[in-house]
Amino acid sequence: MKYILSPSILAADFARLGADTAEAVKGGAEWLHIDVMDGMFVPNISLGIPVIKSLRAASDAFFDVHLMIDRPERYTKAFLSAGADLICVHYEATEDFETIAKDVHEAGKLFAIALKPATPAGVLKPYLHLCDMVLVMTVEPGFGGQKFMADMMQKVEALSKMRDEMSLTYHIQVDGGINLENVGVATDAGANVIVAGSAVFTPGKTEENACSFIKKFKTI
Ligand code: DX5
Ligand code: ZN
């Protein structure tokens, strides 16, 4: 299995976003996880389209955009134009998965659906054929630095099983509270795209932290 590290820029220093993300990429991160929050779907506001556009001009990394916003179909095209390579919307935030997937795929980009901790894996069954990735949240969305919910691994296992049964190929991403100690639990369950925020972005240690994840992947 190929593992991908997607450092969550929510934990970066926004005053030096270009430099911080470049360090993570230098350490071996292929993706950058970009958390967009609207203060409605989650009780926090983070960053939006202009920041992604600026970062796009400064980075060649794959932009994994996690939209924690209500009715994301309103903004799909704007995020694609800003430079998103993958658009991930929450199951709980919309019913318009077909339209969003169509917009994303027509732009030649990847589409994903995320599940909050209380949402069971089975609800995705009618939409899995549209998905290039499924995101299993391992914390309540809204804030970085929370504790990893190991009981979400049942959901990762269920999604991995459904992928086999339905002959699909989507990635399984985990997001929230992941560090070098618990990442093996997530990969054992079947996750292959690993988001880590606070475990990657540390002043002066970001490149080294990313590199430690990449080294760890080689041992799993
Ligand atoms: C939470 C975000 C996560 C978060 C991860 O709402 O979706 O991506 O930034 O950060 P850590 O790894 O610190 O939990
Ligand atoms: Zn996220």
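**Considering the coordination of the zinc ion (ligand 2)**
Thought 1: All of the protein donors around the zinc ion (ligand 2) are His33 (NE2), Asp35 (OD), His66 (ND1) and Asp175 (OD); their distances to the metal are 2.1 to 2.3 Å.
Thought 2: For the zinc ion (ligand 2), the 6 donor atoms in the first shell make angles of 70 to 173 degrees at the metal, so the coordination geometry reads as octahedral.
Thought 3: Within one chain, the residues serving as donors to the zinc ion (ligand 2) are arranged as H-x1-D-x30-H-x108-D. Of the two residues, Asp35 is situated in strand S2 (residues 31-37) and His66 in strand S3 (residues 62-68); the sequence distance between them amounts to 31 residues.

**Let's talk about the site of ligand 1**
Thought 1: Near ligand 1, the surroundings consist of 20 residues, among which Gly142, Asp175, Gly177, Gly197 and Ser198 are the closest.
Thought 2: Ser8 has a polar side-chain atom sitting 2.9 Å from an oxygen atom of ligand 1.
Thought 3: Within the contact set of ligand 1, an oxygen atom lies 2.6 Å away from a side-chain nitrogen or oxygen of Asp175.
Thought 4: The protein chains hide 99% of the 380 Å² of surface that ligand 1 would expose on its own.
Thought 5: Residue assignment for the shell around ligand 1 shows that the elements contributing at least two residues are S2, S3 and strand S8 (193-196).
Thought 6: With 3 residues, the top contributor of residues to the shell around ligand 1 is S2.

**So, the sheet that holds strand S1 (residues 4-7)**
Thought 1: Pairing within the open sheet is parallel, and its 8 strands lie in the order S1-S8-S7-S6-S5-S4-S3-S2. Strands with a single pairing partner mark the edges of an open sheet, and in this sheet they are S1 and S2. Pairs of neighbouring strands in the sheet enclose a mean axial angle of 25 degrees, with direction left out of account.
Thought 2: The pairing of strand S6 (residues 133-137) with strand S7 (residues 171-175) spans 5 bridges and is classified as parallel. Bridge assignment links Val134 to a residue of S7, and that residue is Ile172.
Thought 3: In the packing of helix H5 (residues 153-165) onto the sheet, the strands contacted are strand S5 (110-115), S6 and S7, and the crossing angle to S7 comes to about 170 degrees.

**Let's talk about the pairing of S7**
Thought 1: For S7, the tally of buried residues reaches 4 of 5 residues, placing the bulk of the element in the interior.
Thought 2: Between S6 and its parallel partner S7, the chain crosses via H5, and the hand of that crossover is right-handed.
Thought 3: Bridge count between S7 and S8: 3 bridges; the pairing is parallel. In the strand pairing of S8, Val174 is matched with Ile194.

How each quantity is defined
Residues numbered from 1 in each chain as written. Chains lettered and ligands numbered in written order. Predicted model: local features only at pLDDT ≥ 70, side-chain atom pairs only at ≥ 80, totals over all residues. Heavy atoms only, no water. Donors = N, O, S within 2.8 Å, 3.2 Å for Na, K, Ca; no water. Tetrahedral: all angles 85-135°; square planar, octahedral: opposite > 155°, others 65-115°. Helix = DSSP H or I, 4+ residues; strand = E, 2+ residues; numbered from the N terminus. Near = heavy atom within 4 Å. Polar contact = N/O pair within 3.5 Å; in protein donor to acceptor, adjacent residues only side chain to side chain. Areas by Shrake-Rupley, 256 points an atom, 1.4 Å probe, with all protein chains shown as cover. Pairing = 2+ DSSP bridges. Axes fitted to C-alpha atoms, helices over the stretch in contact; angles between N-to-C directions. Contact = heavy atoms within 4.5 Å. Buried < 20%, exposed > 50% of the residue type's maximum accessible area, 1.4 Å probe, protein only. Right-handed = clockwise from strand over helix to strand, strands pointing away.

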